[in-house]
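# Topology and contacts: notes
Listed below, chain by chain, are the residues.
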Amino acid sequence: ENVVMTSWSTAILMDPLLATLERSDEIVEAFYDRIPESFAINGELPLCTVSRTILRRDGRAFHTECRQPEAIRRAREGLHTKLKYRPGMLYLKRAFRTFWALPGLAELELKRRLDALGWTTKLWPALDRVDLVAAAPDGSRRLAIDVKDYISPARLASRFNGFKSFEGDHHCYLVIPDYIIESDPRFEARFEALRAANGRPSVALATVSDLLEGLTP
């Protein structure tokens, strides 16, 4: 969630887990780079309204690292939020933005929406064996969910290896962000066909919205 940090010490101390860690400054250094002043425009950092990543100017428009169509549309139209730049600000390193922060947007959205429905949720249990587990308000149902932000159904079909120890006592779902189906309406059919062709077990695949709709009374 903290792609850009104005003050790393404040962000660390406000987190009950991170505040207890020794040598937290070394952890921050491993994950973040200082933001060069050249990223700022008139003393301000332009931020993507969806992902909070720093936008890069492309003529009058902006470019965002976020693949969501709404984020791209807003950036191209010049819509963004601004954060006053000051020396010492930190930016999550590119590898962690690409593989953690940006894919994590859907995971965090799903957790927030399940929480709002009264479900009890936990992110990345058992050292991230799945992305999210959730229990129904009445305890009648437990879910194990892996969220994958893959735009290629072939890549997802070949790489997904199941839900491990959660399959015995959880309803298991492979969840993809809504925008993927909007961009490729045949994604689900192609995924299922490729799993079958490769002799891989079938998987319950759903978008974030479709899963939540199925859980709403």
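One can find the structure itself at the top, above this paragraph.
Calculation notes
- Residues numbered from 1 in each chain as written.
- Predicted model: local features only at pLDDT ≥ 70, side-chain atom pairs only at ≥ 80, totals over all residues.
- Heavy atoms only, no water.
- Salt bridge = Lys/Arg side-chain N within 4 Å of Asp/Glu carboxyl O.
- Helix = DSSP H or I, 4+ residues; strand = E, 2+ residues; numbered from the N terminus.
- Buried < 20%, exposed > 50% of the residue type's maximum accessible area, 1.4 Å probe, protein only.
- Arc of directions from axis to C-beta.
- Contact = heavy atoms within 4.5 Å.
- Pairing = 2+ DSSP bridges.
- Axes fitted to C-alpha atoms, helices over the stretch in contact; angles between N-to-C directions.

### A word on the pattern of salt bridges
Using the criterion set out here, one finds 14 salt bridges in the structure. When the shortest N-O distance is used, the salt bridge between lysine 111 and aspartate 115 registers 3.2 Å. Residue lysine 111 and its partner aspartate 115 are located together in helix 5 (residues 104-116), separated by four residues, close to a single helical turn. Taking the relative accessible area as the measure of exposure, lysine 111 reaches 22% and is therefore partly exposed. Each of Glu70, Arg73, Arg74 and Glu77 takes part in salt bridges that share partners, so that together they form one network.

### Quick look at helix 9 (residues 187-197)
Turning to helix 9, its buried residues are Phe187, Phe191 and Arg195. Around the axis of helix 9, the buried residues are gathered within 65° of arc, so they sit on the same side. Opposite the buried face of helix 9, by more than 90 degrees, sit the exposed residues Ala196 and Ala197. Each element contacted by the buried residues of helix 9 is listed here: helix 7 (153-159), strand 11 (171-176), helix 8 (178-183) and strand 12 (205-207). In the stretch just after helix 9, glycine 199 is the one whose phi turns positive, near 70°.

### Let's talk about the sheet that holds strand 8 (residues 120-123)
Taken in spatial order, the five strands make up an open sheet running 8-9-10-11-12, and their pairing is mixed. The strands lining the two open edges of the sheet, one partner per strand, are strand 8 and strand 12. The sheet shows a mean angle of 30° between the axes of neighbouring strands, direction not considered. Relative to strand 11, strand 10 (residues 142-147) runs parallel, the two being bridged by five bridges. Across the sheet, the residue bridging to alanine 144 is cysteine 172, located in strand 11. Across the sheet, helix 5 touches strand 8, strand 9 (132-135), strand 10 and strand 11, and the angle it forms with strand 8 is around 160°.

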